[in-house]
Amino acid sequence: MKRTLCLWLWVMTAAGLLGLGVAGVGTAWAVSEAFHGKIYVPGPLKPVDSELTVRVGDPAPDFVLPSVSGEKVQLSQFKGRKNVVLSFVPAAWTPVCSDQWPGYNIAKDLFEAYDAVLLGISVDNLPTLFAWTQEMGGLWFPVLSDFWPHGAVAARYGVLRSDGVSERAIFIIDKEGIIRAIDVHDINQRPPLEGILRELEKLQKS
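With respect to burial, strand E3 (residues 83-88) is a largely interior element, 6 of its 6 residues being buried. In E3, alternate side chains face the same way, and those of Asn-83, Val-85 and Ser-87 on one face and Val-84, Leu-86 and Phe-88 on the other are all buried. Inspection of the sheet shows E3 paired to strand E4 (residues 116-122) by 6 bridges, in the parallel sense. What sits directly across from Leu-86, in E4, is Leu-119. Inspection of the sheet shows E3 paired to strand E6 (residues 168-173) by 5 bridges, in the antiparallel sense.

Written as structure tokens, this is what we have:
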């Protein structure tokens, strides 16, 4: 418990120094600024444009997706071993996405403290995701491509938007493969990091 608290305080301090805005709604920080002139700015989008096909308490639909590291990742490989956080983002090379995922780099120790793995999922193809994540300086968690069949995993979870990208959505899945929390967030904003950690803490206590 003390270790978790210390890690949390460290993340809050680091986030403040970076200007991360862990409440999830603030302005873009250093990563997207480094992308100035390189990223596509779509402008304000409809906050949610899909309908969930799963609920809290449902078994999480299994999937196998390729990762930028060249390996295939299957959700069920973590069953009985790890809690899983699925982070769907709409598109590479866009402002909010380019802030959200690098923000998780400072929280790696916290995910480990909660015995959780993070899987990032986008409908972009692997070459695009590889170039984007390299430009961001690398990410510690697997980045998976839901490109083909296009958006099939996003569609199974009910977070595929009508324009073919996924929602900005978080699914927290326990070690038994059951969905314990869902946040289909306003696509124009970052989901708050502390919300994810709060749900993981509940799993640790249960």
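Listed in full, the buried residues belonging to helix H5 (residues 126-135) are Leu-129, Trp-132 and Thr-133. What you see down the axis of H5 is that its buried residues fit within an arc of 95 degrees, all on one side. Taken together, the buried residues of H5 touch helix H3 (95-103), E4 and strand E5 (143-145). Where H5 ends, the next residue or the one after it, Gly-137, has phi of about 95 degrees, a positive value.

Our focus in this paragraph is the sheet that holds strand E7 (residues 179-185). Strand order in this open sheet of 5 strands is E5-E4-E3-E6-E7, and the pairing throughout is mixed. This sheet does not close on itself; its edge strands, each paired only once, are E5 and E7. Recorded for the sheet is a direction-independent mean angle of 20 degrees between the axes of neighbouring strands. Running at roughly 155 degrees to E5, H5 makes contact with E4 and E5 of the sheet. Packed onto the sheet, helix H7 (residues 193-205) meets E3, E4, E6 and E7 and runs at close to 15 degrees relative to E6.

Right, let's get into the side chain of Ser-122. Assignment of secondary structure puts Ser-122 in strand E4. You can call Ser-122 buried: its relative accessible area is 1%. Excluding anything up to four places from it in sequence, Ser-122 contacts Val-89, Pro-90, Ala-91, Ala-92, Trp-101, Leu-129, Leu-144, Ser-145, Asp-146 and Phe-147.

Let us look at the pattern of salt bridges. By the definition in use, this model includes 8 salt bridges. One salt bridge in this structure joins Asp-49 and Lys-46, with 3.6 Å as the shortest N-O distance. According to the relative accessible area criterion, Asp-49 is buried, its value standing at 18%. According to the relative accessible area criterion, Lys-46 is exposed, its value standing at 53%. The residue Glu-201 makes a salt bridge to Lys-205 at a minimum N-O spacing of 3.7 Å. On the criterion of helical spacing, the pair formed by Glu-201 and Lys-205 is a turn pair, its members being 4 residues apart in helix H7. Here Glu-201 falls in the partly exposed class, since its relative accessible area comes to 21%. Accessibility expressed as a relative area gives 64% for Lys-205, which makes it exposed. In the salt-bridge network here, residues are joined through shared partners; they are Lys-82, Asp-115 and Lys-175.

So, how was this worked out
- Residues numbered from 1 in each chain as written.
- Predicted model: local features only at pLDDT ≥ 70, side-chain atom pairs only at ≥ 80, totals over all residues.
- Heavy atoms only, no water.
- Buried < 20%, exposed > 50% of the residue type's maximum accessible area, 1.4 Å probe, protein only.
- Helix = DSSP H or I, 4+ residues; strand = E, 2+ residues; numbered from the N terminus.
- Pairing = 2+ DSSP bridges.
- Arc of directions from axis to C-beta.
- Contact = heavy atoms within 4.5 Å.
- Axes fitted to C-alpha atoms, helices over the stretch in contact; angles between N-to-C directions.
- Salt bridge = Lys/Arg side-chain N within 4 Å of Asp/Glu carboxyl O.

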